[in-house]
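Listed here are the chains, written in short residue letters.
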Amino acid sequence: MPDTQKTEKLAQLACQLEELTNSPLYEFRQENNYHAVFGEGDAAAKVLFIGEAPGKQEAIKGRPFVGASGRTLDEMLAAIGLARKDVYITNVVKDRPPNNRDPRPEEIDLYTPFLTQQLAIIQPRVIATLGRFAMEFVLARFGLTEPGQKISQMHGRPLEAEAEYGRVTIVPLYHPAVALYNRDQRQTLEDDFQVLKQYM
Ligand code: URA
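What counts and how
- Residues numbered from 1 in each chain as written.
- Predicted model: local features only at pLDDT ≥ 70, side-chain atom pairs only at ≥ 80, totals over all residues.
- Heavy atoms only, no water.
- Near = heavy atom within 4 Å.
- Polar contact = N/O pair within 3.5 Å; in protein donor to acceptor, adjacent residues only side chain to side chain.
- Areas by Shrake-Rupley, 256 points an atom, 1.4 Å probe, with all protein chains shown as cover.
- 1 Å grid on protein atoms, 1.4 Å probe; cavity = no way out; pocket = protein on both sides within 12 Å on 5 of 7 lines; lining within 4 Å.
- Sits in = over half its atoms within 2 Å of the grid points.
- Nonpolar A, V, L, I, M, F, W, Y, C, P; charged D, E, K, R; others polar.
- Points joined across faces, edges and corners; volume = space filled by probe spheres on them.
- Helix = DSSP H or I, 4+ residues; strand = E, 2+ residues; numbered from the N terminus.
- Salt bridge = Lys/Arg side-chain N within 4 Å of Asp/Glu carboxyl O.
- Buried < 20%, exposed > 50% of the residue type's maximum accessible area, 1.4 Å probe, protein only.

## Brief notes about the site of the ligand
In the vicinity of the ligand, the contacting residues are Gly51, Glu52, Ala53, Glu58, Pro64, Phe65, Ser69, Asn91 and His175. In this structure, Ala53 approaches the ligand through a main-chain N or O atom, which is 3.1 Å from a nitrogen atom. Taking Asn91, its side chain carries an N or O atom lying 2.8 Å from a nitrogen atom of the ligand. Its free accessible area being 240 Å², the ligand has 92% of it covered by the protein chains. Here the ligand occupies the largest pocket. Here the shell around the ligand is composed, by residue class, of three nonpolar, four polar and two charged.

Written out as structure tokens, the structure is:
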């Protein structure tokens, strides 16, 4: 699919998300003048980053990872010579859950078709999950769930999977928020980002 067509298809999908009034999170979006957060970046990116759900800053701006953890993500990208425009960034759940609570199963189900279509359009070679929640979601989606999987053991270790469009490598990463208050975790995240370099 040509890149311009990918961009167009993503824009159409983003419009559908705006109109998703049957979401349990829609009222909260409206009440607070929040936006849905579809995702952004290169429609033909080799690397797709997937986080959990938008936080307050993201919901205000309608853009993923623009708060404190977004700054860390930008720094991690810069450390491997990348900018946001070189990758695509999105979340499993596309509206902010109240009080940053964990998304509920019915919310995840509702937004899953959006992520599935984003994958089908972008067709990334690599999916980098940010945090435990996104890791568990993506591993389940690709039939890679195994008992006792912990992010502390999985982070930075690429896994091969079969997507509808071909092979994809999944790289579980810690959530950038963990690096905000912990130097060791920040170093771990930075080291894990090096893994992504080989795919660029
Ligand atoms: N945390 C996430 O998981 N996603 C965002 O977009 C922002 C913070």
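## Quick notes on the layout of surface pockets
Approximately 410 Å³ is the volume found for the largest pocket. Residue lining of the largest pocket: 20 residues in total, with Ala53, Pro54, Gly55, Ser69 and Asn100 positioned closest to the centre. For the lining of the largest pocket, the secondary structure elements donating two or more residues are helix 3 (56-61) and helix 4 (68-79). The dominant element in the lining of the largest pocket, judged by the number of residues it contributes, is helix 3, at three residues.

## Considering the pattern of salt bridges
Summed over the entire model, instances satisfying the criterion amount to 11 salt bridges. A salt bridge links Arg101 to Glu107; its shortest N-O distance comes to 2.7 Å. Looking at Glu107, the relative accessible area reads 1%, which means it is buried. Between Glu164 and Arg141 there is a salt bridge, and its shortest N-O distance comes to 3.6 Å. Linking Glu164 in the loop between strand 5 (159-163) and strand 6 (166-173) with Arg141 in helix 6 (residues 132-141), this pair joins segments that are 23 residues apart in sequence.

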